[in-house]
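Per-entry structural report
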Amino acid sequence: MKTMLWEDNKLLLIDQTKIPDELTYFTCKNYKDVITAIKTMVVRGAPAIGVAAAFAVALADEAGENLEKVAEEIKASRPTAVNLFWAVDRVMASDSPLDKALEMYQEDIDTNRSIGKYGSSVINDGDTILTHCNAGALACVDYGTALGVIRAAAEDGKKIKVICDETRPLGQGARLSVWEMQQENIPVKMIVDSAAGYMMQQGEVDKIVIGADRVAKGGVANKIGSLMVALAAQRFGVPFYVAAPMSTFDPEKSIYDVEIEERGSEEVLCYGGCRIAPCDTEVNNPAFDIVPSDLIAGIITEKGILDPL
Ligand code: MRU
């Protein structure tokens, strides 16, 4: 299953807002459609928005748009995942945006396979692995980073089990990671986010593998809730790994200088389309948090397992 397809000069994106109820594609005929898809989370996950952004530049190029202006518009769609900026800059620097986007599409799949190969080496037969959010095939072109590690361990014949945090407010763990694991017939359980610490205290979790939106000096930015999982993992001695491609690294920057996206209040005030709090409730909705480097056992990349920055 590919999260995106390039067909007839259009970008087709699995509409991730509809999974698990429907598997449908959102068609991007121009770069503005891609920006809409990124902003509305039709496509999400750091590597996936990077590759989608690369195709957005290619669509704009085919339409003869002013690429400098378009690049700035695309970069303004979401602030935290560095892959978006990396991908736009890379395509802008090439002579043929479409060829470069197609190259990055294939590269993403190969990178994730390689992350999986290295990551499988830290997973033991019989392990239960907890993951947060969705760093799976849906967050990339295919295979996934954190879920790529889990897929690779399963392909290596290890009998593993997976625990997916629900991942409020948008439920990427519940809706997307659980669905992906079920498609692969990998045994999976779902918990509410606040159960993660208790599961570790009970000895139910052997490893944690999550993805990242940015790896920078001092730590990693990933989906809100990652920090609490990492703190509990330290308390209960559970190794906490991050799986991420080198395109997620931003080594010159302090992680504390990275912009953390603040999203709309309705994501918190509603769940599954139902209001769960009074309309006028004041809300904070940071989409990501920061896991400091000392809580991370290793960063699983396509080049091997690296120390955090
Ligand atoms: O807000 P999202 O769904 O784009 O957040 C995604 C995550 O936090 C992922 O863990 C991260 O992008 C890594 S995806 C391989």
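Here's a quick rundown of the structure. (Residues numbered from 1 in each chain as written. Predicted model: local features only at pLDDT ≥ 70, side-chain atom pairs only at ≥ 80, totals over all residues. Heavy atoms only, no water.)

**Description of the packing of aromatic side chains**
Centre-to-centre distance and the angle between the planes together describe a pair of aromatic rings. By the definition in use, this model includes two aromatic pairs. When the centroid spacing of 5.2 Å and the interplanar angle of 15° are considered together, the rings of Trp 6 and Phe 55 count as stacked. Taken together, the positions of Trp 6 in strand 1 (residues 4–7) and Phe 55 in helix 2 (residues 46–62) put the pair 49 residues apart, joining distant regions of the chain. Consider the rings of Phe 55 and Tyr 105, whose centres lie 6.1 Å apart with planes at 80°: the pair is edge-to-face. Placement of the pair is Phe 55 in helix 2 and Tyr 105 in helix 5 (residues 97–120), with a sequence separation of 50 residues. Considered together, Phe 55 and Tyr 105 belong to a single accessibility category, that of buried residues. Put simply, the rings of Trp 6, Phe 55 and Tyr 105 pair up and form one aromatic cluster. (Phe/Tyr/Trp six-rings, centres within 6.5 Å; stacked < 30°, edge-to-face > 60°. Helix = DSSP H or I, 4+ residues; strand = E, 2+ residues; numbered from the N terminus. Buried < 20%, exposed > 50% of the residue type's maximum accessible area, 1.4 Å probe, protein only.)

**Focus: the environment of Tyr 25**
Relative to the assigned elements, Tyr 25 resides in strand 3 (residues 25–28). For the pair Tyr 25 and Thr 3, spaced 22 residues apart in the sequence, the C-alpha separation amounts to 9.0 Å. When sequence neighbours within four positions are dropped, the list of residues in contact with Tyr 25 reads Lys 2, Thr 3, Leu 5, Leu 12, Leu 13, Ile 14 and Asp 15. (Contact = heavy atoms within 4.5 Å.)

**Notes on empty space enclosed by the protein**
Under the definition given, this model contains two cavities of 30 Å³ or more. Its volume calculated, the largest cavity comes out at about 190 Å³. Lining the largest cavity are 22 residues, with Arg 44, Gly 45, Ala 46, Asn 134 and Asp 213 sitting closest to its centre. Of all the secondary structure elements, the ones that give two or more residues to the lining of the largest cavity are helix 2 and strand 9 (219–223). Looking at side-chain class alone, the lining of the largest cavity contains 11 nonpolar, seven polar and four charged residues. Mapped onto the domain boundaries, the lining of the largest cavity takes at least three residues apiece from domain 1 (4–110) and domain 2 (123–306). (1 Å grid on protein atoms, 1.4 Å probe; cavity = no way out; pocket = protein on both sides within 12 Å on 5 of 7 lines; lining within 4 Å. Points joined across faces, edges and corners; volume = space filled by probe spheres on them. Nonpolar A, V, L, I, M, F, W, Y, C, P; charged D, E, K, R; others polar. Domains from an automatic or database assignment.)

**Side note on the sheet that holds strand 3**
What the three strands build is an open sheet, ordered 1-2-3; its pairing is antiparallel. Single-partner strands in this sheet number two, and they are strand 1 and strand 3. Averaged over all neighbouring strand pairs, the angle between strand axes comes to 25°, with direction disregarded. Examined bridge by bridge, strand 2 (residues 10–14) and strand 3 share four bridges and lie antiparallel to one another. Across the sheet, the residue bridging to Leu 13 is Phe 26, located in strand 3. (Pairing = 2+ DSSP bridges. Axes fitted to C-alpha atoms, helices over the stretch in contact; angles between N-to-C directions.)

**A look at the pairing of strand 1**
Burial along strand 1 is one-sided: Met 4 and Trp 6 are buried, and none of Leu 5 and Glu 7, which face the opposite way, are. Bridge analysis of strand 1 against strand 2 gives four bridges, and the strand direction is antiparallel. Its bridge partner being in strand 2, Met 4 is matched across the sheet by Leu 13.

**Looking at the packing of helix 2 against helix 3 (residues 67–75)**
Helix 3 packs onto helix 2 with a crossing angle of 150° between their chain directions and a minimal axis gap of 10 Å. As judged from the angle between their axes, helix 2 and helix 3 are roughly antiparallel. Remark: the crossing between helix 2 and helix 3 carries right-handed chirality. Every residue of helix 3 that contacts helix 2 at Ala 53, Ala 56, Val 57, Ala 60 and Asp 61 is listed here: Leu 67, Val 70 and Ile 74. Class assignment of the residues belonging to the contact of helix 2 with helix 3 gives a composition of seven nonpolar, no polar and one charged. (Parallel < 35°, antiparallel > 145°, perpendicular 65-115°, else oblique. Left-handed = near helix turned anticlockwise from the far one by under 90°.)

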